[in-house]
Amino acid sequence: MSGKLIDDCFRPAQERMLHSEAIALLRDRVSPIAPVERVPLERSLGRVIARSVSAPHPVPAHTNSAVDGFAFAYGSYDRSSGATLEISARAAAGHTIMEPPAGTAVRIFTGAAMPSSLDTVAMQEDCEWVETPAGHPPKVRIPGGLKPGANVRQSGEDVRAGEVLFSPGHVIRPQDLAALASIGLSEVDCFARLRLAIVSTGDELIRPGSAELIPGQVYDANAPMLSGLAALAGCEAEDLGIWPDDANEVKTRLARAAEKYDVVLTSGGASLGDEDHMSAALAALGSRYFWQLAIKPGRPMMFGQIGRSIVIGLPGNPVAVFVCFLIYVWPLLRRLSGAPWPEPRRWPMKAAFEFPNRKVGRREFWRGMLVQTPEGLAVDKFARDGSGLITGLRVADGLIDIPEDVAKVKRGDVVAFLPFSEFGIASL
């Protein structure tokens, strides 16, 4: 592990926090903890750049033709009437040629280096070959109307030598791989992926495929969902299974996990109930803070530290787990991984639904589906709000973010829509 958070990093400012206060606290107190490692380019997708990357040479490295055609010096050309020029050479990509005689043209192909004495290229489909007597060099008729430098890509046109392409904290995308390769890099310095443990708690849970349900049991839906979400957040996640409702066993396992992982992420048991042994174990081993958030779904969350390991306790219901992960844990993990705090963008969308009587004072995140209406694209609300209804997550395209002071939503009102794509979750 590398880096260290302040010991009371997650100490809440008050018993019940507004959403904006929770985000502000995390943004202010969380800093990167991941060490730096050199990563081969082909394995760097999604990684966070740790050191600035500058271009050692210009891109393109040489001035070249953007089309197949004929290169010539604009000084030998009449823009109004064009020119008929002798073809003195042939230039192909990856090959160099001698400087051509003055007043001649060169047959050139896309990507071929321009001879230094030539500065303009006419596209081959706009030109005409001119018949010449046997034994004489071929000629080409270049039409008028071309501007100086037409169809030529200048050296450094894309990237200047010494230009900074990426600064620390940038998350590498597929198009960035092309940019890194274009300056000749085969490796890049990145922050190491956070090592994250996923823990499910509760004697009522069993893993899918392990046995048939008996009354009182439920299949653990949170662990596979959190594994997928953690991967999208750039973490190396390991599922530590279901921990029993046994105080000594939980304490022993939590201590062992804190020695190995940067982050321990639990679902269920994020409260002060008699069977919530995770919270008691965290308090005994390190520091524990309960967050009562003025949000729905969610509200109870647990944060703490054991040495350098961060422990996050999420609610037990899948919808609350999903929403709390996206809103609070996803940006937290990104920041710990070396990226700047990512603030997901909200889209202003017209509501295709009505919600006449809403309890104010808390932030709500409703599951929303994009729909086409006669007035254009709008967002509809999943009809039911239960925190255990996974169907709402499955059919939704994102979350509708409703501020604390909104008492009602009328059809056609503009609401803030937070698409799942902001978190790397692909749309159907």
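Each value, and the rule that gives it
Think of each chain on its own: its residues are numbered from 1, step by step along the sequence as written. Only residues with pLDDT of at least 70 get local features here, since the model is predicted, and only at 80 or more are side-chain atom pairs given and counted; chain-wide, interface and lining totals rely on the full set of residues. Think of the side-chain values as coming from all heavy atoms in the structure, minus any hydrogens and water. Strands pair, by our definition, only if DSSP identifies at least two bridges between them. The way it works is that DSSP assigns letters per residue, a run of H or I at least four long becomes a helix, a run of E at least two long becomes a strand, and they are numbered from the N terminus. Note on contacts: a residue pair qualifies if any of its non-hydrogen atoms lie within 4.5 Å across the two residues. Inter-axis angles, ranging from 0 to 180 degrees, are taken between N-to-C directions of lines fitted to C-alpha atoms, where helices are fitted over the stretch in contact. The cut-offs for exposure are 20% and 50% of the maximum accessible area for each residue type, with area from a 1.4 Å probe on protein chains only; residues under the lower value are buried, those over the upper are exposed, and the others partly exposed. Relative orientations are named as follows: roughly parallel for angles under 35 degrees, roughly antiparallel for angles over 145 degrees, roughly perpendicular for angles from 65 to 115 degrees, and oblique for any other angle. The hand of a helix crossing depends on one turn: near helix anticlockwise from the far one by less than a right angle means left-handed, and clockwise means right-handed. Nonpolar residues are Ala, Val, Leu, Ile, Met, Phe, Trp, Tyr, Cys and Pro. Charged residues are Asp, Glu, Lys and Arg, and all others, Gly as well, are polar.

1. Concerning the sheet that holds strand β21 (residues 300-306)
Stage number 1. The seven strands are arranged β1-β19-β21-β22-β18-β14-β17 in an open sheet whose pairing can be described as mixed. Each of the sheet's edge strands pairs with one partner strand only, and the pair in question is β1 (16-17) and β17 (236-243).
Stage number 2. This element, helix α4 (residues 247-260), spans β14 (195-201), β17, β18 (263-267), β21 and β22 (309-314) of the sheet and lies at about 175 degrees to β17.
Stage number 3. Each of β14, β17, β18, β19 (287-293), β21 and β22 touches helix α5 (residues 277-285); the most contacted strand, β21, lies at about 30 degrees to it.

2. Looking at the pairing of β14
Stage number 1. With six of seven residues buried, β14 is to be regarded as a mostly interior element.
Stage number 2. Two strands pair when backbone bridges link them, and β14 and β17 are joined in this way by six bridges, in the parallel orientation. In the sheet register, S200 faces β17, and the bridge partner there is I242.
Stage number 3. Relative to β18, β14 runs parallel, the two being bridged by five bridges. Across the sheet, the residue bridging to L196 is V263, located in β18.

3. Quick word on the sheet that holds strand β6 (residues 83-91)
Stage number 1. Strand order in the open sheet formed by six strands is β8-β5-β7-β6-β10-β9, with mixed pairing between adjacent strands. Either end of the sheet is taken by a strand with one partner, and the two such strands are β8 (120-123) and β9 (128-130). Taking each pair of neighbouring strands and ignoring which way they run, the sheet shows an average axis angle of 40 degrees.
Stage number 2. Judged from the four bridges that link them, β6 and strand β10 (residues 139-142) form a sheet pairing that is antiparallel.

4. Here we look at the environment of H62
Stage number 1. Its location among the elements puts H62 in the loop between β3 (53-54) and β4 (64-65).
Stage number 2. You can call H62 partly exposed: its relative accessible area is 39%.
Stage number 3. Beyond its immediate chain neighbours, meaning those up to four positions away, H62 contacts G111, A113, R153 and S155.

5. Concerning the packing of α4 against α5
Stage number 1. One can describe the packing of α4 onto α5 by two numbers: an axis separation of 9 Å at closest approach and a directional angle of 55 degrees. Taken together, the axis directions place α4 and α5 in an arrangement best described as oblique. Where α4 crosses over α5, the two elements pack in a sense that is right-handed. Across from A247, V250, K251, L254 and A255 in α4, the residues of α5 making contact are H277, M278, A281, L282, A284 and L285.
Stage number 2. In terms of residue class, the contact of α4 with α5 is made up of nine nonpolar, one polar and one charged.

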